[in-house]
Amino acid sequence: IRHYNALLDALGKANRLDDAESLFCEFEKYGLAHDVASHSIMISANGKSGRIEDAERCFRRMKKENVKPNAFTYSALIEAFGRAGKLQKAEETFRSMIEDGVAPNVVAYNALIKVYVKRGKNDKAFKLSEEMIKNGKVPDVITYGTLIDACAKARDVEKAFKVFNDLKKNQIKPNRVCYASLIDACAKGKQPERGFEVLELMKSSKTPPDIFAYNALIDACGRAKMVHRAFQVYDEILIAGLIPDRVTFNALISACGRAREVEKAFEALDIMINKYGHEADRHTYNSLIDACGKSEKMLKAFEIYNRMIKNNVK
RNA sequence: UAAUAUUUC
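So, a few notes on the structure that sits alongside this text. (Residues numbered from 1 in each chain as written. Chains lettered and ligands numbered in written order. Predicted model: local features only at pLDDT ≥ 70, side-chain atom pairs only at ≥ 80, totals over all residues. Heavy atoms only, no water.)

## Here's the deal with the overall build of chain A
Quick note on the threshold: In this text, helices come from DSSP runs of H or I with a minimum length of four residues, and strands from runs of E with a minimum of two, each type numbered from the N-terminal end. Under the scheme applied here, a residue whose accessible area is under 20% of the maximum for its type counts as buried, over 50% as exposed, and between as partly exposed, the area being computed with a 1.4 Å probe on protein chains only. Any pair of residues with heavy atoms lying within 4.5 Å of one another is described as a contacting pair.
Scanning chain A for helices and strands turns up 18 helices and 0 strands. For chain A, the C-alpha atoms occupy an extent of roughly 65 × 50 × 35 Å along the three principal directions. Burial statistics for chain A: of 314 residues in total, 48% are counted as buried. Sequence-distant contacts in chain A: of pairs separated by 6 or more residues, those separated by 24 or more amount to 59%.

Structure, rendered in structure tokens:
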């Protein structure tokens, strides 16, 4: 059964939902009964593909087959509802989890916290993190990472650092995600210098910055219209032996746009395409058009727009 | 065997 579940999961992760569904239905033929993992995999796979109704259907099917959902199942369902923007259903799922006698674990809490953050309900996110402690669950690095991200989205730099300090107070070692989120908070809060400090902190904490951290820092420079420094960070990426990705260039182009440096934006575009082989995506086009607009190069903006349509970028 | 967080906003 484990091998079949693993196969189901692989199909789901390869976005081959129909194949996964077929295999799921053939279990009986092989003399296998679906277990809780089989069902959870199907819920998760459908949820991740944005097929929330199918995910719900899988959950009902599970009940019909008298297989008891566990924490994995509920977490997957909460995540699925969150992805679909259905906050109430996510909350409802969390409650029914408790009613069904399945104690929410850290992952279930984290999943719902994330839904709150996604919906901009930071108060509820923090409240739930406190509630989890009251219920004897220990927030993990993901809990803190999610909360730091919540602060970033609210542009609350001070609170982001406060959460980061809480994390350390609780003897948790911040990982790259936490650092990148913290830099993102500095970016969104327009405090690039603190972002650079966090980058240094990463280095001194034996957590070499990854591309996420660098990209967030480029964005920090961009929002402060510090184009030159943004490109310095880009150089540092290369020195660190990392490969700049499309986000790197999009952030650079966006930075140029904010500072009305259209020429530089196109230089970055050129390097992105011709040196790294990254195709322009909708963010790239957005930033380019924005850059042209800000510099009153409307003709150029229309040209880019047409190129975007031609290349079928949605 | 399955569930949760970060960058281009």
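## Quick look at the protein's contact with RNA strand B
For the record, the criterion: Near, as used in this document, describes a residue that has one of its heavy atoms within 4 Å of the molecule or strand being considered. Each polar contact in these results corresponds to two N or O atoms within 3.5 Å; when the atoms are within protein, one needs to be able to donate a hydrogen and the other to accept it, and residues that are neighboring in sequence are counted only if both atoms are side-chain atoms.
The full set close to RNA strand B counts 44 residues, and Asn-5, Lys-48, Asn-110, Asn-215 and Asn-250 are the nearest of them. Within the side chain of Asn-5, one N or O atom sits 2.4 Å away from a base oxygen of RNA strand B. Within the side chain of Asn-215, an N or O atom sits 2.7 Å from a base oxygen of RNA strand B. Taken together, the elements giving at least two residues each to the surface near RNA strand B come down to α1 (2-13), α3 (36-48), α5 (71-83), α7 (106-118), α9 (141-153), α11 (176-188), α13 (211-223) and α15 (246-258).

## So, the layout of surface pockets
To keep it simple, the criterion reads: Points on a 1 Å grid over protein atoms alone make up a cavity when a 1.4 Å probe fits among them but cannot get out, and a pocket when they form an open set with protein on both sides within 12 Å along at least five of seven lines; lining residues each have an atom within 4 Å of a point. Grid points are joined across faces, edges and corners, and a volume is the space filled by probe spheres set on the points. Three categories are distinguished: nonpolar for Ala, Val, Leu, Ile, Met, Phe, Trp, Tyr, Cys and Pro, charged for Asp, Glu, Lys and Arg, and polar for the others, with Gly belonging to the last.
For the largest pocket, the calculated volume is near 680 Å³. Taken together, 26 residues line the largest pocket, and the ones lying closest to its centre are Ser-44, Lys-48, Ser-75, Ala-76 and Glu-79. Top element by residues in the lining of the largest pocket is α5. It accounts for 7 residues. Broken down by class, the residue content of the lining of the largest pocket amounts to 10 nonpolar, 9 polar and 7 charged. By volume, the second largest pocket is sized at about 590 Å³. Put simply, the parts of the chain that give the lining of the second largest pocket at least two residues each are α9, α11, α13, α15 and α17 (282-294). The element that contributes the greatest number of residues to the lining of the second largest pocket is α11, accounting for 7 residues. The residue makeup of the lining of the second largest pocket, split by class, is 9 nonpolar, 10 polar and 11 charged.

## Overview of the environment of Ala-80
Checked against the element boundaries, Ala-80 lands in helix α5. Since its relative accessible area comes to 1%, Ala-80 is described here as buried. In contact with Ala-80, not counting residues within four places along its chain, are Gly-47, Ile-52 and Ala-55.

## Some points on the packing of helix α6 (residues 87-99) against α7
Axes are the key here: two packed helices are described by the angle between their axes and the distance separating the axes. Spelled out, the test is: A fitted line through C-alpha atoms represents every axis, and for helices the fit uses only the stretch in contact; the resulting angles, taken between N-to-C directions, go from 0 to 180 degrees. The cut-offs work like this: below 35 degrees is roughly parallel, past 145 is roughly antiparallel, 65 to 115 is roughly perpendicular, and the gaps in between are oblique. With the far helix as reference, a near helix turned anticlockwise by less than a right angle produces a left-handed crossing, and one turned clockwise produces a right-handed crossing.
Look at α6 against α7: their axes get within 10 Å of each other, and the N-to-C directions meet at 160°. As far as their axial angle goes, α7 and α6 are roughly antiparallel. Between α6 and α7 lies a crossing whose hand is left-handed. In this structure, α6 uses Leu-87, Ala-90, Glu-91, Phe-94 and Met-97 to contact α7, whose residues at the interface are Ala-108, Tyr-109, Leu-112, Val-115 and Tyr-116. Considering only residue class, the contact of α6 with α7 consists of 9 nonpolar, no polar and 1 charged.

## Brief notes about the environment of Lys-137
Relative to the helices and strands, Lys-137 resides in the loop between α8 (122-134) and α9. Look at Lys-137 and you get partly exposed, because its relative accessible area is 28%. Taking the C-alpha atoms as reference points, Lys-137 and Val-106, 31 residues apart in sequence, are found 6.4 Å from one another. Apart from the residues within four sequence positions on either side, Lys-137 is in contact with Pro-104, Asn-105, Tyr-109 and Met-132.

## Focus: the nonpolar core
So the rule is basically this: Residues grouped as a nonpolar core are buried Ala, Val, Leu, Ile, Met, Phe, Trp, Tyr and Cys residues, joined through side-chain atoms within 4.5 Å.
Counting residues in hydrophobic clusters, the biggest one holds 100 residues, and the most contacted among them are Leu-8, Ile-43, Leu-112, Ile-183 and Leu-252. Here this core takes 9 residues from α7, the largest share from any one element. For Ile-43, the contacting residues outside a window of four places in its chain are Ala-55, Cys-58, Phe-59, Met-62, Thr-73, Ala-76 and Leu-77.

## Quick notes on the packing of aromatic side chains
Put simply, the rule reads: Centres within 6.5 Å are what make two rings of Phe, Tyr or Trp a pair, Trp counting through its six-membered ring; a difference in plane orientation under 30 degrees is then read as stacked, over 60 as edge-to-face, and the rest as tilted. By definition, being over a ring means that NZ of Lys or CZ of Arg is both within 6 Å of the ring centre and within 35 degrees of the ring normal.
As enumerated under the stated definition, the model contains 8 aromatic pairs in all. Ring geometry for Tyr-4 and Phe-27: centres 5.9 Å apart, planes at 70°, overall edge-to-face. A residue pair is termed long-range when its members are at least 10 positions apart, and Tyr-4 in helix α1 and Phe-27 in the loop between α2 (17-25) and α3 qualify at 23 residues. Taken together, a centroid distance of 6.0 Å and an interplanar angle of 35° make the contact between Phe-24 and Phe-27 tilted. Across the pair, Phe-27 and Phe-24 agree in class, each one buried. Here the aromatic residues Tyr-4, Phe-24, Phe-27 and Tyr-30 are joined through ring pairs into a cluster of three or more. Against the face of Phe-161 rests Arg-194, its NZ or CZ located 4.2 Å from the ring centre. The ring of Phe-231 carries Lys-264 above its face, with NZ or CZ at 5.7 Å from the centroid.

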